[in-house]
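Chain by chain, the residues run as shown.
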Protein chains: 2
Amino acid sequence: MSLRGLGVEPRCRCIETESQRIGKLIQSVELFPPTPHCEDTEIIATLKGTSQEICLDTTAPWVKKVIEKILANRNL
Amino acid sequence: MSLRGLGVEPRCRCIETESQRIGKLIQSVELFPPTPHCEDTEIIATLKGTSQEICLDTTAPWVKKVIEKILANRNL
């Protein structure tokens, strides 16, 4: 459980982030820019199959690569 | 109406994409990599306030910049 919940509560969504490289399990990635309620960017991945939502480490190079791959229209 | 709906239908989600630069209106951005059901990457923005969902042009330079800004932990 790395997410507080899916409401629009006025605080950060992520409690902890996934450290393992789970790029191949990712179905989609949602990016939340900083807001007055949460000063950090948050990246939440939805996993294939289960649709489980996992917070990713926004500073991890593999996370950046996953996003670049998606932008380049390549399969994960 | 640029989205077909939010189900997990086996086809592309976006029918048309927003051409205007709406970066400042964006609350979050979701990236969908290509799948067997949709060969194109899709980027769907959720707007501030209304939570309206809008498909973005994945090839537009301003869209790439919005994503880079989020990754750099900067406000939109």
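Residues numbered from 1 in each chain as written. Chains lettered and ligands numbered in written order. Predicted model: local features only at pLDDT ≥ 70, side-chain atom pairs only at ≥ 80, totals over all residues. Heavy atoms only, no water.

S.K.: Tell me about the overall build of chain A, residues and numbers included.
M.R.: The secondary structure content of chain A amounts to 1 helix and 3 strands. If you list the helices and strands of chain A from N to C, you get β-β-β-α. For chain A, whose C-alpha radius of gyration is 12 Å, the value lies close to the compact-globule estimate of 11 Å for 76 residues. By its C-alpha atoms, chain A is 35 × 25 × 20 Å across when sized along the principal axes. A buried classification covers 42% of the 76 residues belonging to chain A. Counting only contacts in chain A whose residues sit at least 6 apart along the sequence, the fraction spanning at least 24 positions is 43%. As displayed, chain A offers around 4500 Å² of accessible surface, 50% of which is attributable to carbon and sulfur atoms. Positive and negative side-chain charges of chain A, numbering 10 and 10 respectively, have mean locations separated by a distance of 10 Å. (Helix = DSSP H or I, 4+ residues; strand = E, 2+ residues; numbered from the N terminus. Rg over C-alpha atoms; globule rule 2.2 N^0.38 Å. Buried < 20%, exposed > 50% of the residue type's maximum accessible area, 1.4 Å probe, protein only. Contact = heavy atoms within 4.5 Å. Areas by Shrake-Rupley, 256 points an atom, 1.4 Å probe, with all protein chains shown as cover. Lys, Arg positive; Asp, Glu negative; His and termini not counted. Charge placed at Lys NZ, Arg CZ, Asp CG, Glu CD.)

S.K.: Let's hear about the relation of the copies chain A and chain B: which residues, and what values?
M.R.: Placing chain A over chain B gives an RMSD of 0.0 Å and needs a rotation angle of 180°, together with 0.0 Å of translation along the axis. Here the copies are linked by what is in effect a two-fold axis. No C-alpha of chain A approaches the rotation axis more nearly than that of Glu30 of chain A, which lies at 2.0 Å. The residues that chain A uses at the interface reappear at the interface of chain B in 100% of cases, marking a shared surface. (Least-squares fit on C-alpha atoms with pLDDT ≥ 70 in both.)

S.K.: Just give me the short version of helix H1 (residues 61-71) of chain B, but keep the residues and values in it.
M.R.: Burial in H1 of chain B covers these residues: Trp62, Val63, Val66, Ile67 and Ile70 of chain B. An end-on view of H1 of chain B places all buried positions within 145° of arc, on one side of the element. Opposite the buried face of H1 of chain B, at more than 90 degrees from it, the exposed residues are Pro61 and Lys65 of chain B. Contact partners of the buried residues in H1 of chain B: strand S1 (26-32) and helix H1 (61-71) of chain A together with strand S1 (26-32), strand S2 (42-47) and strand S3 (53-56) of chain B. Looking one or two places after H1 of chain B, you find Asn73 of chain B, whose phi comes out positive at around 65°. (Arc of directions from axis to C-beta.)

S.K.: Break down the pairing of S3 of chain B for me, citing the residues and quoting the values.
M.R.: Two strands pair when backbone bridges link them, and S2 of chain B and S3 of chain B are joined in this way by 4 bridges, in the antiparallel orientation. In the sheet register, Ala45 of chain B faces S3 of chain B, and the bridge partner there is Ile54 of chain B. (Pairing = 2+ DSSP bridges.)

S.K.: An account of the sheet that holds strand S3 (residues 53-56) of chain A is needed here, citing residue identities and associated values.
M.R.: Taken together, 6 strands build an open sheet; the order of strands is S3(A)-S2(A)-S1(A)-S1(B)-S2(B)-S3(B) and the sheet is antiparallel. Pairing within the sheet leaves two strands with one partner each, and these edge strands are S3 of chain A together with S3 of chain B. For this sheet, the mean inter-axis angle between neighbouring strands, taken without regard to orientation, is 25°. When S1 of chain A meets S1 of chain B, the two strands line up antiparallel, connected through 3 bridges. Within S1 of chain B, the residue paired with Leu31 of chain A across the bridge is Val29 of chain B. Of the strands in this sheet, S1, strand S2 (42-47) and S3 of chain A together with S1 and S2 of chain B are in contact with H1 of chain A, which crosses S1 of chain A at around 105°. Contacts from H1 of chain B reach S1 and S2 of chain A together with S1, S2 and S3 of chain B, with the element oriented near 105° to S1 of chain B. (Axes fitted to C-alpha atoms, helices over the stretch in contact; angles between N-to-C directions.)

Distances and angles like these do not, on their own, reveal function.
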